[in-house]
Amino acid sequence: MIYTVTLNPSVDYVVQVDDFQLGTLNRTRRNEVYPGGKGINVSRVLNRLSIPSTALGFIGGFTGQYIETILQKEGVRTDFVTTDGLTRINIKLKSEKETEINGEGMEIPSEKVDAFFQKIDKLQRDDLLVIAGSAPRSLPKDLYEKVAELARKKGVKLVVDVSGSPLSQLVTYSPFFMKPNHHELGELFQREITNVAEAVHCGQQLIEQGVEHLVISMAEQGALYLNREGVWKATVPKGTVKNSVGAGDSLVAGFIGTLAKTNDVMAAFRFGVASGSATAFSEDLCKREDVEALLPEVQIAKL
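Cut-offs used in this document
Residues numbered from 1 in each chain as written. Predicted model: local features only at pLDDT ≥ 70, side-chain atom pairs only at ≥ 80, totals over all residues. Heavy atoms only, no water. UniProt positions renumbered as here; feature names shortened; annotations may be inferred. Core = buried A, V, L, I, M, F, W, Y, C linked by side-chain atoms within 4.5 Å. Buried < 20%, exposed > 50% of the residue type's maximum accessible area, 1.4 Å probe, protein only. Contact = heavy atoms within 4.5 Å. Phe/Tyr/Trp six-rings, centres within 6.5 Å; stacked < 30°, edge-to-face > 60°. Helix = DSSP H or I, 4+ residues; strand = E, 2+ residues; numbered from the N terminus. Salt bridge = Lys/Arg side-chain N within 4 Å of Asp/Glu carboxyl O. Pairing = 2+ DSSP bridges. Axes fitted to C-alpha atoms, helices over the stretch in contact; angles between N-to-C directions. Patch = residues over 30% accessible without salt bridge, like charges linked within 9 Å, V, L, I, M, F, W, Y side chains within 5 Å. Areas by Shrake-Rupley, 256 points an atom, 1.4 Å probe, with all protein chains shown as cover. Right-handed = clockwise from strand over helix to strand, strands pointing away.

The name an unreviewed UniProt entry assigns to the chain is Tagatose-6-phosphate kinase, from the organism Fervidibacillus albus. In the Pathway (unreviewed entry) part of its UniProt record, the chain is described as follows: "Carbohydrate metabolism; D-tagatose 6-phosphate degradation; D-glyceraldehyde 3-phosphate and glycerone phosphate from D-tagatose 6-phosphate: step 1/2." Per UniProt, the chain has the following entry under Function (unreviewed entry): "Catalyzes the ATP-dependent phosphorylation of fructose-l-phosphate to fructose-l,6-bisphosphate."

Q: Where do I start with the nonpolar core in this structure?
A: For soluble globular proteins, the rule of thumb is that nonpolar side chains tend to be buried together. Of all hydrophobic cores here, the largest spans 45 residues; its most connected members are Phe116 and Leu129. Excluding its chain neighbours within four sequence positions, the residues that come into contact with Leu129 are Tyr3, Val5, Leu56, Ile120, Leu123, Val147, Ala151, Val156, Lys157, Leu158 and Val159.

Q: What is the right way to read the packing of aromatic side chains from this model?
A: Note on aromatic pairs: each is described by the distance of the centres and the angle between the planes. Here the structure, examined in full by the defined rule, presents six aromatic pairs. The interplanar angle of 10° and the centroid separation of 4.4 Å between the aromatic rings of Phe177 and Phe255 together place this pair among those described as stacked. Placement of the pair is Phe177 in strand β11 (residues 177–178) and Phe255 in helix α8 (residues 247–262), with a sequence separation of 78 residues. For the pair Phe177 and Phe255, a shared accessibility class is recorded, and that class is buried. Ring plane angle 40° and centroid distance 5.7 Å describe the contact between Tyr225 and Phe269, whose orientation is recorded as tilted.

Q: Whenever I open this one, the UniProt feature "domain: Carbohydrate kinase PfkB" (unreviewed entry) in the chain confuses me. Can you help?
A: The UniProt record annotates "domain: Carbohydrate kinase PfkB" (unreviewed entry) at residues 6–282. Across residues 6–282 one finds 39% helix and 24% strand; the C-alpha atoms that close the span lie 23 Å apart.

Q: Would you mind showing me how to read the pattern of salt bridges here?
A: One side chain can pair with another of opposite charge once the charged atoms of both are near each other. Inspection of every chain in the model, using the stated rule, returns 15 salt bridges. Between Glu74 and Arg44 there is a salt bridge, with its nearest N and O atoms 2.9 Å apart. With Glu74 in helix α2 (residues 61–74) and Arg44 in helix α1 (residues 38–48), the pair connects residues that are 30 residues apart, well separated along the chain. Look at Glu74 and you get partly exposed, because its relative accessible area is 29%. Taking the shortest distance from any N to any O, the salt bridge between Asp284 and Arg48 comes out at 3.1 Å.

Q: Quick question: what am I supposed to make of the sheet that holds strand β2 (residues 10–16) here?
A: Consider a sheet: its strands pair through backbone hydrogen bonds, and that pairing is either parallel or antiparallel. Strand order in the open sheet made by the four strands is β3-β2-β7-β8, with mixed pairing throughout. Edge positions in the open sheet fall to β3 (30–36) and β8 (98–101), since each of these has one partner strand only. Averaged over neighbouring strand pairs, the angle between their axes works out to 15° when direction is ignored. By the bridge criterion, seven bridges tie β2 to strand β7 (residues 88–94) in an arrangement that is parallel. Considered in β7, the bridge of Asp12 is made with Asn90. Here α2 sits on the sheet and contacts β2, β3 and β7; the angle it forms with β3, its principal contact strand, is near 85°.

Q: Looking at this structure, how should I read the environment of Ser50?
A: One can find Ser50 in the loop between α1 and β4 (53–60). Residue classification places Ser50 among the exposed positions, given a relative accessible area of 59%. Between the alpha carbons of Ser50 and Gly75 there is a distance of 9.7 Å; along the sequence they are 25 residues apart.

Q: I'm lost on a nonpolar patch on the surface in this one. Help?
A: On the surface, a cluster of nonpolar side chains totalling about 620 Å² of accessible area is made up of Tyr13, Val33, Phe62, Leu86, Ile89, Ile91 and Ile101. You can see Leu86 is positioned in the loop between β6 (81–83) and β7. On the basis of relative accessible area, Leu86 is assigned to the partly exposed category, the value being 43%.

Q: Teacher, can you tell me more about the pairing of β4 here?
A: Residues in a regular strand project their side chains so that they alternate between the two faces of the sheet. In terms of residue burial, β4 counts as a mostly covered element, since eight of its eight residues are buried. On β4, burial covers both faces: Ser53, Ala55, Gly57 and Ile59 on one face and Thr54, Leu56, Phe58 and Gly60 on the other are all buried. In this structure, strand β1 (residues 2–6) lies alongside β4, joined through five bridges in parallel fashion. Bridge assignment links Thr6 to a residue of β4, and that residue is Gly57. Of the strand pairs in this sheet, β4 and strand β5 (residues 77–78) are connected by two bridges, and their pairing is parallel. Paired with Ala55 across the bridge in β5 is Thr78. You can see the chain leave β4, run along α2 and come back into β5, and the turn it takes is right-handed. Across three bridges, β4 lies against β6 in parallel orientation. In the sheet register, Phe58 faces β6, and the bridge partner there is Val81.

This is how it looks when you write it as structure tokens:
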């Protein structure tokens, strides 16, 4: 079974305003509401690919109930810890420029953290646990490490899609799969990564440290897959980018979902890249038919 963790979910309120003007009344031309959070995105895409998963994390208030209702309506299994707080609302304002206003995460008391760990403790050997996104500031700074340690003790395969200090912390737990973009990889190694050669050099160090499967997204330069047997580069399909939110999460879902079904890493790499591109070319997260239409455009070559 695949489990996703979203410690700081959100309700994403996306509004489109023509010629937004600061300090005066603006009217929306279009608005949409989505359940947000990287782990939640992974679960939603897996569901669209007919791959079951269970979404874990913290929710609270009417906004948290909205997230759970939408996920269950879509067919995504949920097992959230419910708190007395209010799940945050993030505003995505699309006009001539795109502006984001992200809400502050909930205060999560220690007894709710204990309840969350009780759920993690129920996972079985060879389950996949996806740790994705940020954590509310109220949570202990070492929480991700504690989750990773418990996963390692239970033989659970760890999937990591985080940035900043949590990324450097989790590398030491020999993740089954990691997916940094080249900016996150550069931050990890305290250097700027501008080309494939630099990304490969840093990526190979992560493989030597114990990462089993590594994908590095390089924007228009494509994507890299590394394991102990070598390095492969995939081209990305061409299209008009409509939505940058969730593309990386879709790549994670496409990769781990396909790998779990087929045990074919090249098929997983190709499907992951196509999934990320399909989301980028859509207003919402990708659909299976859109991913399959892009598969022939993803060309993979060993470096």
